[in-house]
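Chain by chain, the residues:
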Amino acid sequence: MPIRPELAHEQPYGAPQLDVPVLLNVNENPYPPSPDVVETISREVARAAEGLNRYPDRDFSELRQDLADYLALETGVAMDPFSVWAANGSNEVMLHLLQAFGGPGRTALSFAPTYSMYPEYARDTHTRWITARRDEDFTVDPRTAAAAIAEHRPSVILLASPNNPTGTALPPSTIEAVLEAARTADPATPAVVVVDEAYAEFRRAGTPSAVSLLADHPNLAVTRTMSKAFALAGARVGYLAAQPDLVDALRVVRLPYHLSAVTQAVARAALRHRDTLMAQVGGLREERDALVAWLREQRTPAGAGLRVADSDANFVLFGTFADRHAVWQGLLDRGVLIRETGPDGWLRVSVGTPQENAAFRRALTDVVEALTNVIEETA
Ligand SMILES: *Cc1c(COP(=O)(O)O)cnc(C)c1O
C-alpha cells in the first residue's frame, strides 16, 4: 500500500473493548440515559428523520445556541452562539484546531503525562509534536512551561485540565502564565492555547473553568464534550468555546455538513435534560472522592501503601506497582476492566456506580493479596 511512511508502522487507537461485567476503563458515565431522556431523544430523532432528504444546517445554529446557554449556566460566564463550535466528539474539534493552526513546519506543545490521542492528531496533521514534563504531582510548573514555549515556539499549546490520565486540574494562574508566555514568545501571532476541559463538570468545588479567561484572550480555546459528564459518549458530540474569530478559522477546515441532523437532534434533546444530568454528576464526584480516600487507606501487611493522584475528573490514577500489567490482568480475571495507562507502574480506574466501585475495591484487595509485594515501597 502506498501509505505515508510515517504511518506505515502505526497501530489504530484501541482501548480494549471487552465483554466484562464491570467496565471502568474509558471514563464513561456509568448510568445509561433515563427513560425520559430516551423519550425526548427518540421524539427529536423522529422529527429529524422526516427531513433527512436535505443536508443539515451546516452551522448548526440552534445547537450552538443551546451549548452556549449550557456553558453560561455551568460556568457563570455569558456566552453567545458565535463563540461556540461543535463536532463529532471533542476529538474532531481538536483535529479542526490542528488543521487550522498546526500543519507542516509548525509545532504543537503539551505537558506529559497527558492524553494519548494528542500526538496522533499532531501526526495526522503533519504537525511537529513536543512534550515538556509535568511535575512529580502532575501539575504544570509555569516556569517550565514558559521555557518550553520560548524554546520550541509552538503554534498550538494543549493543556488538558482536568488532565487525563492523572485527573489534575490547573489553576487559572497557570493557564494565564502560559497565555502570557505565548504572547511574549510571539507578540504578533501568539500560539493558540487549547484548554481541554473534557472532565470539567467533575472538578472539585472552587476550581474555576478556563471559560472565565476567554473574554481577555483571543488566542484561547476551551474544549468540552458531551461524552463524559453528559452520559452521551455514543452520540459523539464535542464542542469548543473561543472568540468568534478563532471559531471562524475552524469553519474553514471542517468538512461540509460534518454534524448530521441526527447528531444535532440528539445533542439538543439531551441538553434539555441538563438539570437531571448535572445532579447525577454530583453523585459521581462523591463516589470519586470516596474512592480516592479508600485507595489511600490501603496497606499491605508489610506496610506499603498506594500513591493516589488528586482527581478533579471521573477517574483515579493510582499505583505504583512493580508489575502493573499483572494487577490489571488480575482485575480482569475477576471481571473488572480498568485501563493500563499513564506513567510506569500506575493504573487508571473510572468511577462507576456504587456497585461497580464496590466490585473494583473487592477485586483490588484480592489481587494485591494474591500478588505479594506488588505495591512498590515509596520513600
Ligand atoms: C475523553 C476525552 C476527550 C473526549 O473525547 P470525545 O471525542 O469528545 O469523546 C477529550 N479529551 C480528553 C483528555 C479525554 O480524556
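Small disclaimer: the values here were computed from a predicted structure and weren't measured.

Caption draft 1: Geometry of the packing of aromatic side chains. Enumeration over the complete set of coordinates arrives at 10 aromatic pairs. Here the aromatic rings of Tyr55 and Tyr257 are separated by 4.2 Å at their centres, their planes lie at 15°, and the arrangement is stacked. Linking Tyr55 in the loop between α1 (35-49) and α2 (61-75) with Tyr257 in the loop between α7 (244-253) and α8 (261-271), this pair joins segments that are 202 residues apart in sequence. Between the aromatic rings of Tyr118 and Tyr121, the centroid separation amounts to 6.3 Å while the plane-to-plane angle is 55°, which identifies the pairing as tilted. Of this pair, Tyr118 and Tyr121 both sit in helix α4 (residues 118-124), three residues apart, which is roughly one turn of that helix. Of the two residues examined, Tyr118 and Tyr121, each falls in the buried class. An aromatic cluster is present here, built from Tyr115, Tyr118, Tyr121 and Trp129 joined pairwise through their rings. Over the aromatic face of Phe60 sits the side chain of Arg64, whose NZ or CZ is 5.5 Å from the ring centroid. Positioned over the ring face of Phe315 is Arg348, at 5.5 Å from the centre of the ring.

Caption draft 2: A look at the sheet that holds strand β8 (residues 238-242). Spatial strand order, β2-β8-β7-β6-β5-β3-β4: seven strands in an open sheet with mixed pairing. At either end of the open sheet lies a strand with only one pairing partner, and these are β2 (84-87) and β4 (128-133). Strand-to-strand twist in this sheet, taken as the mean axis angle between neighbours without regard to direction, amounts to 25°. Relative to β4, strand β3 (residues 107-112) runs parallel, the two sharing six bridges. Counterpart to Ala108 in the pairing with β4 is Trp129.

Caption draft 3: Region of the structure containing the packing of helix α3 (residues 89-101) against α7. Put simply, α3 and α7 touch, their axes get as near as 9 Å, and they point 95° apart. Regarding the angle of α3 to α7, the classification is roughly perpendicular. For the pair formed by α3 and α7, the contact residues are His96, Leu97, Gln99, Ala100 and Phe101 on the first element and Leu246, Ala249, Leu250 and Val253 on the second. For the contact of α3 with α7, the class distribution of residues is seven nonpolar, two polar and no charged.

About the criteria used
Per-chain numbering applies: the sequence of each chain, read as written, is numbered from 1 onward. A pLDDT threshold of at least 70 governs which residues receive local features in this predicted model, and a stricter bar of 80 or more applies before side-chain atom pairs are shown or counted, although totals over entire chains, interfaces and linings include all residues. Here the side-chain values reflect all heavy atoms present in the structure, with hydrogen atoms and water set aside. Working definition: rings of Phe, Tyr and Trp (its six-membered ring) pair if their centres are within 6.5 Å, and the pair is stacked with planes under 30 degrees apart, edge-to-face with planes over 60 apart, and tilted otherwise. Strands here are runs of E lasting at least two residues and helices are runs of H or I lasting at least four, both read from the DSSP assignment and numbered beginning at the N terminus. For every residue, the accessible area obtained with a 1.4 Å probe (protein chains only) is divided by the maximum for its type, and the residue is called buried under 20%, exposed over 50%, and partly exposed between those limits. In our convention, an over-ring charge means Lys NZ or Arg CZ found within 6 Å of a ring centre and within 35 degrees of that ring's normal. Pairing between strands requires that DSSP locate at least two bridges from one strand to the other. Lines fitted to the C-alpha atoms define the axes, with helices restricted to the stretch that makes contact. Angles between their N-to-C directions range from 0 to 180 degrees. Orientation is classified from the angle alone, with under 35 degrees giving roughly parallel, over 145 giving roughly antiparallel, 65 to 115 giving roughly perpendicular, and any other angle giving oblique. Whether two residues are in contact is decided by their heavy atoms: any pair within 4.5 Å suffices. All amino acids are sorted into three groups, where Ala, Val, Leu, Ile, Met, Phe, Trp, Tyr, Cys and Pro are nonpolar, Asp, Glu, Lys and Arg are charged, and the leftover types, Gly among them, are polar.

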